[in-house]
Each structure stands twice: as structure tokens, then as C-alpha cells.
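# Chain and residue survey
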Amino acid sequence: MLREHLERDAPAREASVARFMVFATAASAVLALLLNGLIGWRLSIALAVMLGAMAGWYAVQLVLLKRGWFHPAVPWINVALEVSAPALIFIVDLFAQGAEYALTAPPLAIWGTLVGLSALRGSRPLAVTAGLLAAAEYAALYAFLASPRLPSEVWVTLQPPLIATRCFLLCCAGLVTAAFVGHFNRRAAEALAAVRAKDVLGKYLLGERIGVGGMAEVFRANYSPEGGFEKTVAVKRVLPAYAEDQDFVALFRQEASLCSRLNHPNIVQVLDFGRFADTYFLAMEYVEGLTLKRLLDAHRGRGLPLPAVTYVGHELLRALDYVHHRTDTDGKPMKLVHRDVNPPNVLVSRLGEVKLTDFGIARAQRAARVTQAGLIKGKPGYLAPEQLEDGELDGRTDLFAVGITLHELLTGVELFSRGISERELLEVYELPIRPPSKVRPEVPKELDEIVLRLLERDIARRTPRAGIAADALAALEGPAAMAPEGQRQLAAAVKYAANVTKQSGVQSKADAETLPATSR
């Protein structure tokens, strides 16, 4: 969390340094002009121009940073410029006033301070580099420019032994700065860990944060009731800033109420809902694995093994068949529609279990609508035509999204664009849908037909029930048959995707996608 915070805060820190440098260099340029009587107009103007150019550099950078631009190389470039500023002034002084003046001029006194300024970036390698660069520049300036211009008899402070001592001290300044940065980061991490260790929602002890969105965050947590046993759960907590947002809290309550009535092996079970301190939380079954989106990302361009795709589709359709036929306490059909079936909302365990999650915008057709009329809910790229028209929805709407998901799992490429522009949304109506076998020839004709029936734009011609499509997938024979290899191949694909994610270093970003749409 500390590393994430430091990375997110880098633009703000660089903007603070830029503001300081604009003021410092501009003030120094004015001072150089005011001291022309002592140092001469030639040196005065040269220093003013150089310092004015630096002020302009940081002013432009400040404007760009305020507009949201930032590049990781910026701190390194700025540290190099800041540490090199005394060297530039040294060269100006050397040619204007001579070597002895340059070696004793006031700007040299701030060289160590400018090395220390690198600590604001929070990077030990950057601090060490700043010290080494300052020492190397000073040594090079003395050896190649100043020394040949010194008289034979000079003060002892200008002789090589003490110049070498100054270079050593500049190196030490970098090392001390790096040590300070390391100590500060360690203490901050320890303080954060101490706070996190005490972060308890009633009987839930929060552990690692595994996802974060715009309105909520998800933690791995230990359920520790009285009695001594512990159980690992996932806790979704509303961010404090949104705990008073009545619309969002209503959706959060709706998700808790709805999911508490769903009990199926292919649906993430909700265990608890409550309010603690100033926020709301939802305790859910913890799935040790990853999202179907991460699995798909790791197999882009080639798709998953055919038995694994068939198995995923079968399990997902089983979950939806249960949801669509769920009854209330009076035995009346609830006519539930998930409305947001897409890869980020499907979890796959390391054992190859498939579980549907995120019922934040699901609704019963007989229930009052919490969301505003006319507001499209769902993930672009997985919306059925009737969702875009804000028409009446039923279980067949979810089946269209399953068809898109299966098509992408088979081909390894997106079917529809993920954007929200009019042109991109029109693809759902107009883009020709190719059978998966046109992209991946080994897909059998029978699997093509199942997917294309799920993708019928006319809802009346679409597969009428999830159970029918699930049975069709279970009946497949040949290379796409889900038994007996489907679950085993899916588990192997999860292991491969987890390794790819770990090697590419995108864990935190990918995990953030496990959050529901209502929290983003």
C-alpha cells in the first residue's frame, strides 16, 4: 500500500519541487542582476540567463503536471538538472572570474543541499545517484577545467587532497540521503502495518487489500468469532467518502439482501452485511484464484483449451439458471436478471471452480428500481441490444453476455468494443458476428451453433433458458467435450495465468478488476 501511495503521489511531489524550483531559480536570477556591481555585468547576465532558463523549465513542467501529464523519467531528469546546476554556475564563474573564484563561489555550498533535495522523491537509488553525480561533476570540473588554470601556489583548500575530500563528502551526502529515505519508508510501512493490524470490522480482522475501486475496496480478512476458529473471507467495504451516498448505499444493501438468498455452488456466497463505525461492509466467500478477465488476458490471441471453455460456459449457465428460476419466501418466481455478466465478475479458483459474483445491479422484475430510469447499467462490450434500448429485460439478456464471453474465450479476441461512444455501441446492433470457428478452425460446428444462438440479437430467437444451453454444452462430444478434462485444463490455465501475472508485475491492477461495477 505504501509503494502504491508513493507511486500515485509522485506527480504531486514533483509539482511541489517544481514550484519551489521556480521560486528559487527566479529569485536567484534577480539576485544575480542586483549583484552586478560586485561580480560584473558579464557574469551577472550569464547567471541570470541560465537561472531564468531553469525557472522556465520548471514553470512549463508545473503547468503540464497540473494538467495530469507525468512520466516516471521526470524525477530522474529533474534530479540530474538540480544536482548539475552548481556545475553550470561553476563553468560560468570559471570563464568570467577565474578558477580560484569558481572554486570558492557561494553556489558550491548548496551542492549537498541539492543532493538532499532528492529525498523528496522517496527513492534510495535516486538519492545515491544524485550524490555520485555531484561528486563526479565536481571532480571532472576540477581536473579538466579548474586545475590547469590555477597558479602554482594556491590555498590548501584548493589543492587535490581537499578537493577529493569534498567529492567524498558529496558521495556521503547521497548515501546519507538514501539512508534517510530508507529509514523513513520503513517507519512509514511499520506504522501502516500497525494500523492495518488493528483494522477490524467487528469480528472481521482485515488483511491484505486485494482490490480497490472508486467507491469501495475489497480485503482478504479473517473471520474470528468467539470460540477460537478462523475462516478466510472477502470483505467489501464502502469507502468513507461514499458511506453517506444514499443511492450507492441502497445498491449495496440490495446486493447484500439479494445475495443472502442465493445458495448455489457456482455463485459467490454472501455471509454477512453490516455497518461498522462510519462505513458499510459486505462479507463474502473468499475464492482463492483470479477473475475470468485475468485468465482471458493471459490467453489473448489464442483462447483457452476447448474443454475448459465448455466447462466454464456450463458452470456459468448453471448459476444463471438457478438465479433466473429463484423464488421468494412465498414460492413466487423472483424473475431475477443479473444484468452485468462479464469476465471481471466471474471468479475461477485454482481448482477450476467457476463462481459468478457482483449482483450489485441485478434486480427482480417485480421489485422497485433503485437506479434512475434511462441510465444504462452494465459493462460496455457485454450489453445486449435490449439493455441499450432500456427495454424490458429477462434471463435471456444474461445469456447474450454469456455468448460474448464464450466467443472471447474461444477466440482470444474481443467481440465488441469496450467504449461508450455511439459508434462503439452501435456495434452491438450492426457488427457481423463471425462463428468462433472462423477465427479458430478447431472449434466444432456444434459449439459454434450454441454460441451463435446465445448471440441472437432478436431476443425472441435467442436461447430461451440458461438450462437449455448448459445441457447442450454438457452433451458435446469430441475435442470440445468438457468431461473429463474440462475442469483440470481450466485449473492448469489458472496456474499459467497466475504465473504470467506475477512475472509481468500487474497484480494490483488486475486484482482491482475484481471489484463490482457499483464500486467503480
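Here goes a summary of the coordinates provided. Everything quoted here is computed from the prediction, not taken from an experiment.

### Considering the packing of helix 1 (residues 2-34) against helix 3 (residues 41-66)
Look at helix 1 against helix 3: their axes get within 8 Å of each other, and the N-to-C directions meet at 155°. Put simply, helix 1 runs roughly antiparallel to helix 3. Note that helix 1 runs across helix 3; the crossing there is left-handed. Of the residues assigned to the contact of helix 1 with helix 3, the class counts are 18 nonpolar, five polar and three charged.

### Topic: helix 14 (residues 422-430)
Looking only at helix 14, the buried set comprises Glu 424, Glu 427 and Val 428. For helix 14, the angular spread of buried residues about the axis comes to 100°, placing them on one side. The outward face of helix 14, more than 90 degrees from its buried face, is lined by the exposed residues Glu 422, Arg 423 and Glu 430.

### Some words on the side chain of Thr 405
With respect to the helices, strands and loops of the structure, Thr 405 is situated in helix 13 (residues 395-411). Within the local environment of Thr 405, its side chain forms a polar contact with the backbone oxygen of Ala 401, the two atoms lying 3.0 Å apart.

### Considerations on the packing of helix 11 (residues 306-324) against helix 17 (residues 466-474)
At a minimum axis distance of 8 Å, the contact between helix 11 and helix 17 shows a crossing angle of 155°. Taken together, helix 11 and helix 17 sit at an angle that is classed as roughly antiparallel. Crossing geometry of helix 11 relative to helix 17 is assigned as left-handed. Touching Thr 310, Gly 313, His 314, Leu 317, Leu 320, Asp 321 and His 324 of helix 11 are Ala 466, Gly 467, Ala 469, Ala 470, Leu 473 and Ala 474, all from helix 17.

### A few points about the sheet that holds strand 10 (residues 354-356)
Strand order in this open sheet of three strands is 7-9-10, and the pairing throughout is antiparallel. Of all the strands in the sheet, just strand 7 (289-291) and strand 10 have a single pairing partner and so form its edges. Strand-to-strand twist in this sheet, taken as the mean axis angle between neighbours without regard to direction, amounts to 25°. Sheet contacts for helix 11: strand 9 (346-349) and strand 10; angle to strand 10, the most-contacted strand, approximately 35°.

### Topic: helix 16 (residues 445-454)
Of the positions making up helix 16, those classed as buried are Leu 447, Asp 448, Ile 450, Val 451 and Leu 454. On an axial view of helix 16, the arc spanned by its buried residues comes to 165°, and they lie on one face.

### Let's talk about the pattern of salt bridges
Here the structure, examined in full by the defined rule, presents 18 salt bridges. The closest approach of N and O atoms between Asp 297 and Arg 300, which form a salt bridge, is 3.4 Å. According to the relative accessible area criterion, Asp 297 is partly exposed, its value standing at 33%. A residue is classified by how much of its surface remains accessible, and Arg 300, at 32% relative accessible area, is partly exposed. Between Glu 456 and Arg 461 there is a salt bridge; the shortest N-O distance is 4.0 Å. Its relative accessible area of 54% is what places Arg 461 among the exposed residues. Members of the salt-bridge network, linked through shared partners, are Glu 14, Glu 82 and Arg 121.

### Looking at the side chain of Arg 462
Position of Arg 462 relative to the elements: it lies in the loop between helix 16 and helix 17. Aside from chain neighbours lying at most four places away, what touches Arg 462 is Ala 384, Pro 385, Glu 386, Arg 396, Thr 397, Phe 400, Arg 453, Leu 454, Glu 456 and Arg 457.

### Details of the nonpolar core
It is characteristic of soluble globular proteins that their nonpolar side chains tend to be buried jointly. Formed by 78 residues in total, the largest nonpolar core has its most connected members in Leu 295, Leu 317, Phe 359, Val 402, Leu 409, Leu 447 and Leu 490. Ranked by the residues each element gives to this core, the list is headed by helix 11, at ten residues. Those residues within four positions of Leu 409 in sequence are excluded, and the remaining contacts are Leu 292, Leu 296, Gly 303, Leu 304, Val 309, Val 312 and Arg 440. Membership of the second largest hydrophobic core comes to 26 residues, among which are Phe 90, Leu 103, Trp 111 and Tyr 138.

### A word on the environment of Met 54
With respect to the helices, strands and loops of the structure, Met 54 is situated in helix 3. For the pair formed by Met 54 and Val 22, sequence separation is 32 residues and the distance between their alpha carbons is 7.6 Å. Those residues in contact with Met 54, other than ones at most four positions away along the chain, are Met 21, Thr 25, Leu 81 and Ala 85.

### Here's the deal with a nonpolar patch on the surface
On the surface, Val 30, Leu 31, Leu 34, Leu 35 and Leu 38 cluster together into a nonpolar patch covering about 520 Å² of accessible area. For the nonpolar patch, the leading source of residues is helix 1, giving three residues. As for its position among the elements, Leu 38 is in helix 2 (residues 36-39). Overall, the relative accessible area of 73% leaves Leu 38 in the exposed class.

### Brief notes about unusual backbone geometry
Here the bond from Ala 483 into Pro 484 is cis, since omega is 5°, no more than 30 degrees from zero. Mapping Pro 484 onto the fold places it in the loop between helix 17 and helix 18 (486-504). Non-glycine residue Lys 335 carries a positive phi angle of around 55°. Tracing the chain through its elements places Lys 335 in the loop between helix 11 and strand 8 (336-337). If you check the backbone angles, Arg 339 has positive phi at about 75° while not being a glycine. Within the secondary structure, Arg 339 sits in the loop between strand 8 and strand 9.

### Some words on the packing of aromatic side chains
Think of a pair of aromatic rings as described by two things: how far the centres are apart, and how the planes are tilted against each other in angle. For the structure on display, the rule yields eight aromatic pairs. Aromatic pair Phe 252 and Phe 273: ring centres 6.0 Å apart, planes at 50°, arrangement tilted. On the criterion of sequence distance, the pair formed by Phe 252 in helix 9 (residues 246-259) and Phe 273 in strand 5 (residues 270-276) is long-range, its members being 21 residues apart. For Phe 252, a relative accessible area of 3% translates into the label buried.

Calculation criteria
- Counting of residues starts from 1 at the beginning of each chain's written sequence and follows it residue by residue.
- Totals for whole chains, interfaces and linings use all residues, but because this is a predicted model, local features are given only for residues with pLDDT of at least 70 and pairs of side-chain atoms are given and counted only at 80 or more.
- Water and hydrogen atoms were dropped before computing side-chain values, which therefore reflect all heavy atoms in the structure.
- Comment: axis = line fitted to C-alpha atoms, over the contacting stretch for helices; angle = value between 0 and 180 degrees taken between N-to-C directions.
- Working definition: helices are DSSP H or I runs of at least four residues, strands are E runs of at least two. Numbering for both runs from the N terminus.
- Working definition: roughly parallel below 35 degrees, roughly antiparallel above 145 degrees, roughly perpendicular at 65 to 115 degrees, and oblique for all remaining angles.
- Two helices that cross are described as forming a left-handed crossing if the nearer one is turned anticlockwise from the farther one by less than a right angle, and a right-handed crossing if clockwise.
- When residues are grouped by polarity, Ala, Val, Leu, Ile, Met, Phe, Trp, Tyr, Cys and Pro land in nonpolar, Asp, Glu, Lys and Arg in charged, and all others, Gly among them, in polar.
- Only protein chains enter the calculation, and the probe is 1.4 Å; a residue is then buried if its accessible area is under 20% of its type maximum, exposed if over 50%, and partly exposed in between.
- Note that the arc is defined by the directions from the helix axis to the C-beta atoms.
- Polar contact criterion, stated in full: a pair of N or O atoms within 3.5 Å, where within protein one must be able to donate a hydrogen and the other to accept it, and residues adjacent in sequence count only if both atoms are side-chain atoms.
- Contact criterion: two residues are considered in contact whenever any of their non-hydrogen atoms come within 4.5 Å of each other.
- DSSP calls a pair of strands paired once it identifies at least 2 bridges connecting them.
- Here, a salt bridge means any Lys or Arg side-chain nitrogen found within 4 Å of an Asp or Glu carboxyl oxygen.
- We define the nonpolar core as a collection of buried residues of types Ala, Val, Leu, Ile, Met, Phe, Trp, Tyr and Cys that are connected through side-chain atoms lying within 4.5 Å of one another.
- Each patch is built from residues lacking any salt bridge and having more than 30% relative accessible area; the joining distance is 9 Å for like charges and 5 Å for nonpolar side chains (Val, Leu, Ile, Met, Phe, Trp, Tyr).
- Under the convention used here, a 1.4 Å probe and the Shrake-Rupley method define accessible areas, while residue burial counts only the protein chains that appear.
- Stacked, tilted and edge-to-face are the three classes applied to pairs of Phe, Tyr and Trp rings, where Trp contributes its six-membered ring and a pair requires centres within 6.5 Å; stacked means planes under 30 degrees apart, edge-to-face means over 60, and tilted covers the rest.

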